[in-house]
Amino acid sequence: APKERQHITPQVLLTSLTHAREPASLTVLLYFLGHMLERHASRDPEATYLLHTREVWAVPFVNPDGYIANEHLPSKSIRKNRRPTCSESASDGVDLNRNFGFHWKRAFSPC
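Here's what I pulled together on the structure shown here. Keep in mind it's a predicted model, so treat the numbers as computed, not measured.

**A few points about the side chain of Asp92**
Moving on, step 1. By secondary structure assignment, the location of Asp92 is in the segment after α3 (64-70).
Moving on, step 2. Comment: no salt bridge for buried Asp92; closest opposite-charge side chain is Arg82, at 6.0 Å.
Moving on, step 3. At 2.7 Å, the side chain of Asp92 forms a polar contact with the backbone nitrogen of Thr85.
Moving on, step 4. Discounting residues that sit within four places of it in the chain, Asp92 has contacts with Lys80, Asn81, Arg82, Arg83, Pro84, Thr85 and Cys86.

What follows is the structure in structure tokens.
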């Protein structure tokens, strides 16, 4: 007999601030979450369906150390995290989205 198909709850992962100098991503994520929760609270059927039929995971600060490092800079130029990787402080850090371990190079230049 064929194996019965297991019911798996759909999941969605929402992230922002992978790049520290892109704070608009945090605004969009927080707006979306607030909007969905407000619609759910008012018993909106679409929002209720979406929130009751899937797991929603939110990571608002993927790169908190880079975000904090940018806090008092007028240019907001820091994109990477603050992990020490090379002797040149301007090149220091890991560009998080370029270093995901899936379908990317196995080794990266530290700078």
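**Remarks on the side chain of Thr18**
Moving on, step 1. Relative to the helices and strands, Thr18 resides in the loop between β1 (11-15) and α1 (24-41).
Moving on, step 2. Judged by relative accessible area, which is 18%, Thr18 ranks as buried.

**Some details on the pattern of salt bridges**
Moving on, step 1. Going through the model one piece at a time under the given rule, you end up with 3 salt bridges.
Moving on, step 2. Arg39 is paired through a salt bridge with Glu46; the nearest N and O atoms lie 3.0 Å apart.
Moving on, step 3. Between Arg79 and Asp95 there is a salt bridge, with its nearest N and O atoms 2.9 Å apart. A residue pair is termed long-range when its members are at least 10 positions apart, and Arg79 in the segment after α3 and Asp95 in the segment after α3 qualify at 16 residues.

**Let's talk about a nonpolar patch on the surface**
Moving on, step 1. A surface patch of nonpolar side chains, amounting to about 370 Å² of accessible area, comprises Leu13, Trp57, Val59 and Val62.
Moving on, step 2. Note on placement: Val59 falls in strand β2 (residues 55-59).

**Let's talk about the packing of aromatic side chains**
Moving on, step 1. In this structure the tally under the stated criterion is 1 aromatic pair.
Moving on, step 2. For the pair Phe61 and Tyr67, a centre-to-centre distance of 5.2 Å together with 70° between the ring planes defines the contact as edge-to-face.
Moving on, step 3. Assessed through its relative accessible area of 30%, Tyr67 is described here as partly exposed.

**Some remarks on unusual backbone geometry**
Moving on, step 1. Not every positive phi belongs to a glycine, and Leu17 is a case in point at roughly 60°.
Moving on, step 2. Structurally, Leu17 is set in the loop between β1 and α1.
Moving on, step 3. Even without being a glycine, Lys76 presents a positive backbone phi close to 50°.
Moving on, step 4. Note on placement: Lys76 falls in the segment after α3.

Cut-offs applied
- Residues numbered from 1 in each chain as written.
- Predicted model: local features only at pLDDT ≥ 70, side-chain atom pairs only at ≥ 80, totals over all residues.
- Heavy atoms only, no water.
- Helix = DSSP H or I, 4+ residues; strand = E, 2+ residues; numbered from the N terminus.
- Buried < 20%, exposed > 50% of the residue type's maximum accessible area, 1.4 Å probe, protein only.
- Lys, Arg positive; Asp, Glu negative; His and termini not counted.
- Salt bridge = Lys/Arg side-chain N within 4 Å of Asp/Glu carboxyl O.
- Polar contact = N/O pair within 3.5 Å; in protein donor to acceptor, adjacent residues only side chain to side chain.
- Contact = heavy atoms within 4.5 Å.
- Patch = residues over 30% accessible without salt bridge, like charges linked within 9 Å, V, L, I, M, F, W, Y side chains within 5 Å.
- Areas by Shrake-Rupley, 256 points an atom, 1.4 Å probe, with all protein chains shown as cover.
- Phe/Tyr/Trp six-rings, centres within 6.5 Å; stacked < 30°, edge-to-face > 60°.

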